[in-house]
Amino acid sequence: GAVYYALRLAGLPSLGYIPSTETLHGWLLSNCFELIAENQEWQMQEYDVIIWGKKGASAGSFGHTGIALNAQNWIECTGW
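The rules behind the values
Residues numbered from 1 in each chain as written. Predicted model: local features only at pLDDT ≥ 70, side-chain atom pairs only at ≥ 80, totals over all residues. Heavy atoms only, no water. Phe/Tyr/Trp six-rings, centres within 6.5 Å; stacked < 30°, edge-to-face > 60°. Helix = DSSP H or I, 4+ residues; strand = E, 2+ residues; numbered from the N terminus. Buried < 20%, exposed > 50% of the residue type's maximum accessible area, 1.4 Å probe, protein only. 1 Å grid on protein atoms, 1.4 Å probe; cavity = no way out; pocket = protein on both sides within 12 Å on 5 of 7 lines; lining within 4 Å. Points joined across faces, edges and corners; volume = space filled by probe spheres on them. Nonpolar A, V, L, I, M, F, W, Y, C, P; charged D, E, K, R; others polar. pLDDT = per-residue confidence, 0-100. Arc of directions from axis to C-beta. Contact = heavy atoms within 4.5 Å.

Bringing the packing of aromatic side chains into the picture now. Ring pairs (aromatic) are described by centroid distance and by the angle formed between their planes. Taken as a whole and assessed by the stated rule, the structure comprises two aromatic pairs. With a centroid separation of 6.2 Å and 25° between ring planes, the pair formed by Trp52 and Trp74 is classed as stacked. Here Trp52 is found in strand β1 (residues 49–52), whereas its partner Trp74 is found in strand β3 (residues 74–76), with 22 residues between them in sequence. On the basis of relative accessibility, which here comes to 55%, the residue Trp52 falls in the exposed class.

Okay, structure coming up:
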């Protein structure tokens, strides 16, 4: 929810509910985000949205999200 909230504050439209790591994929793509890497290394850049977990199997504790602060650091919110 924290990543979704930050993206909403940045101006993205409401999805109507708080997305999970599973539903966040499609919402980002429908809002002009681009899939840069999937299950491979990439050069992280400021404002990249990171979805950590295998697509189709990242619900609940099997996934995590964050936003890149720069090429080496990202911010995320942990539920525990």
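Further notes follow.
Its boundaries defined by the atoms lining it, the largest pocket holds a volume of some 630 Å³. Taken together, 21 residues form the lining of the largest pocket, with Leu35, Ala37, Val49, Ile50 and Ile51 sitting closest to its centre. Every element with two or more residues in the lining of the largest pocket is listed here: α2 (21–30) and β1. With four residues, β1 is the single largest residue contributor to the lining of the largest pocket. Of the residues belonging to the lining of the largest pocket, the class tally is 12 nonpolar, four polar and five charged.

The next subject is the confidence of the model for the chain. Close inspection of predicted coordinates is inappropriate in any region flagged by low pLDDT. In the predicted model, the chain carries a mean pLDDT of 88, and the fraction of residues at 70 or more is 96%. Ranking the helices and strands of the chain by mean pLDDT puts helix α1 (residues 2–9) first, with 92, and β1 last, with 88.

We now examine α1. Considered for burial, the residues of α1 that qualify are Val3, Tyr4 and Leu7. One side of α1 carries all its buried residues, which in axial view fall inside an arc of 100°. In this structure, α1 carries Tyr5 and Leu9 as exposed residues pointing more than 90 degrees from its buried face. Buried residues in α1 make contact with α2, β1 and β2 (64–68). Looking at the residues trailing α1, positive phi occurs at Gly11, about 115°.

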